[in-house]
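What follows is each chain in one-letter form.
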Amino acid sequence: TDAFPKESSHKMAIDERAIEDCHEYHATLLEFEKRGFPITEDRMAATTAILQITWKGAFAPVQREKHSTLTWDRAVVTFNCAALLTQKAADCSVTDREECKNGVSLCQQAASLLSILKELCCTQNPPYSTVDLSAPMLTFWESYLIAAAQNFIYRMAALNSTQQHNTLAQLSQSVYKLYATALTNSQDARLLSEVPKYAKEWATHCKSVSMLASAKASFHQSVVYRLNAQWGFEIVQLRHCHEQVNDCQNFIKSIDDDNSYTRRECLAIAPIVQDRLNEAVNDNKTYLDNIPSKVPEIAPKQLAKVNPQLPASMLIPNVPLFVGL
């Protein structure tokens, strides 16, 4: 665990095979638990227990928590495994199909670990006090990582020149809804109280990505209408998309995040939407298609999911333990 506190800790930890070591350590802890080592805790005797394990919080380092149970150690190691997976996912390029595919896998793995961890922490009585392992924190990160996985799926599909725009619209609409859920989860009262700086950063990021994803869904759907010769529906959808892009740009400006990837995408999309809207309006002077007051809501298509199972590497240690006993 010395790898974690170092400068650029997560990247350095990955280079030092921390994920593999954490998996092995988790599997080892499970073997010890099977042999009757402490997995429950007597809080009255905790201060005098021989086994005392202390970890500090990741988002609130002043929070240090001590327990005399291996379950506590296993819970924190699982949290660290998920954290390292998110670092690897963050390093995946969104312009490379294979890296997007890898990003999907990493995000889903991390979300699955957090889902399992949430169940583990909920069974503790009393529950762990650190905000890192609280239900609101784990719920937020699980929802965020599923949203990130869905975003990788959308980007991977968008890189495929044969992909249909109706599918892209549905995938992006799901990105929008999933990030909106993560946004809501980031505003839990406990997170706002104990880690307000991070909660604000998470919320602004989720909102900007969600807004952009909704605009992308609208643009793809407008292409579907155009290909089906539904000129009036295309115009309404493009007008809605134009408003969404402008709202997204204004929001990003309001949080002083001019260098974000989301803002650069907004800047790239805005003129495309505006030009196509102008063309569609001019074209309809010939087609004279009826322009409806609104268009149907785009149905989301969620492909990202949680697999509530631990990998074998976290269940079975590579080094045999208790041989001959």
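Above this text you will find the structure in question.
Worth saying up front: this structure is predicted, and the values here are computed from it rather than measured.

Quick notes on the rules
- Residues numbered from 1 in each chain as written.
- Predicted model: local features only at pLDDT ≥ 70, side-chain atom pairs only at ≥ 80, totals over all residues.
- Heavy atoms only, no water.
- Helix = DSSP H or I, 4+ residues; strand = E, 2+ residues; numbered from the N terminus.
- Buried < 20%, exposed > 50% of the residue type's maximum accessible area, 1.4 Å probe, protein only.
- Expected span 1.5 Å × (residues − 1).
- Polar contact = N/O pair within 3.5 Å; in protein donor to acceptor, adjacent residues only side chain to side chain.
- Salt bridge = Lys/Arg side-chain N within 4 Å of Asp/Glu carboxyl O.
- Pairing = 2+ DSSP bridges.
- Core = buried A, V, L, I, M, F, W, Y, C linked by side-chain atoms within 4.5 Å.
- Contact = heavy atoms within 4.5 Å.
- Axes fitted to C-alpha atoms, helices over the stretch in contact; angles between N-to-C directions.
- Parallel < 35°, antiparallel > 145°, perpendicular 65-115°, else oblique.
- Left-handed = near helix turned anticlockwise from the far one by under 90°.
- Nonpolar A, V, L, I, M, F, W, Y, C, P; charged D, E, K, R; others polar.

1. Structural notes on the overall build of the protein chain
(1) Moving on: When you go through the protein chain residue by residue, the secondary structure sums to 10 helices and 2 strands.
(2) Moving on: Going residue by residue from the N terminus, the α and β elements of the protein chain occur as α-α-β-β-α-α-α-α-α-α-α-α.
(3) Moving on: Principal-axis analysis of the C-alpha atoms gives the protein chain an extent of 85 × 40 × 35 Å.
(4) Moving on: Out of the 325 residues in the protein chain, the part that is buried amounts to 49%.

2. Observations regarding helix H3 (residues 70–90)
(1) Moving on: Between its terminal C-alpha atoms H3 stretches 30 Å, which fits the 30 Å expected from 21 residues at 1.5 Å a residue.
(2) Moving on: Of all 21 residues in H3, 18 are buried, a share of seventy percent or more.
(3) Moving on: N-capping of H3 is provided by Thr 69, with a side-chain oxygen placed 3.1 Å from the backbone N of Thr 71.

3. Description of the pattern of salt bridges
Any two side chains of opposite charge can pair if their charged atoms end up close together.
(1) Moving on: For the structure shown, the criterion picks out 13 salt bridges.
(2) Moving on: Here Glu 31 and Lys 34 are joined by a salt bridge, their closest N and O atoms 3.3 Å apart. Residue Glu 31 and its partner Lys 34 are located together in helix H2 (residues 18–34), separated by 3 residues, close to a single helical turn.
(3) Moving on: We classify Glu 31 as buried; its relative accessible area is 18%.
(4) Moving on: The exposure class assigned to Lys 34 is exposed, which follows from its relative accessible area of 62%.
(5) Moving on: By sharing partners, the salt bridges in this structure join Arg 226, Glu 234, Arg 276, Glu 279 and Asp 283 into a single network.

4. What to know about the pairing of strand E2 (residues 64–67)
(1) Moving on: Here E2 shows one buried face, formed by Glu 65 and His 67, and one open face, formed by Arg 64 and Lys 66.
(2) Moving on: Summarising the sheet, strand E1 (residues 53–56) and E2 pair through 4 bridges and their orientation is antiparallel. Residue pairing across strands places Lys 56 opposite Arg 64, the latter belonging to E2.

5. Focus on the nonpolar core
(1) Moving on: Counting 65 residues, the largest nonpolar core has Leu 117, Leu 133 and Tyr 144 as its most contacted members.
(2) Moving on: Sorting the residues of this core by element identifies H2, E1, H3, helix H4 (97–122), helix H5 (135–158), helix H6 (165–186) and helix H8 (196–227) as the ones contributing at least two each.
(3) Moving on: Looking at this core, the element that brings in the most residues is H5, giving 15 residues.
(4) Moving on: If we skip the residues at most four places from it in the chain, Leu 133 touches Trp 72, Ala 75, Val 76, Phe 79, Leu 117, Cys 121, Tyr 128 and Leu 138.
(5) Moving on: Ranked by size, the runner-up nonpolar core spans 18 residues in total, among them Phe 219, Ile 235, Ile 252 and Ile 269.

6. A closer look at unusual backbone geometry
(1) Moving on: Phi angles above zero are rare outside glycine, and Ala 229 is one such case at about 60°.
(2) Moving on: The class of Ala 229 is partly exposed, set by a relative accessible area of 42%.

7. Brief notes about the packing of H6 against H8
(1) Moving on: The interhelical angle for the contact between H6 and H8, taken along N-to-C directions, is 160°, at an axis separation of 7 Å. One finds that H6 runs roughly antiparallel with respect to H8. In this structure, H6 crosses over H8, and the sense of that crossing is left-handed.
(2) Moving on: Grouping the constituent residues of the contact of H6 with H8 by class yields 17 nonpolar, 9 polar and 2 charged.

8. Focus: the environment of Leu 321
(1) Moving on: Here Leu 321 shows up in the segment after helix H10 (261–287).
(2) Moving on: Residue classification places Leu 321 among the partly exposed residues on the basis of a relative accessible area of 26%.
(3) Moving on: With residues up to four places along the chain from it excluded, the contact list for Leu 321 reads Thr 28, Glu 31 and Phe 32.

9. Re H5
(1) Moving on: The terminal C-alpha atoms of H5, which comprises 24 residues, lie 34 Å apart, in line with the 34 Å expected from a rise of 1.5 Å per residue.
(2) Moving on: Counting buried positions along H5 yields 21 of 24 residues, so the element is predominantly enclosed.

10. Considerations on the side chain of Thr 78
(1) Moving on: Of note, Thr 78 is situated in helix H3.
(2) Moving on: Not counting chain neighbours up to four residues away, the residues in contact with Thr 78 comprise His 26, Leu 113, Leu 117 and Met 314.

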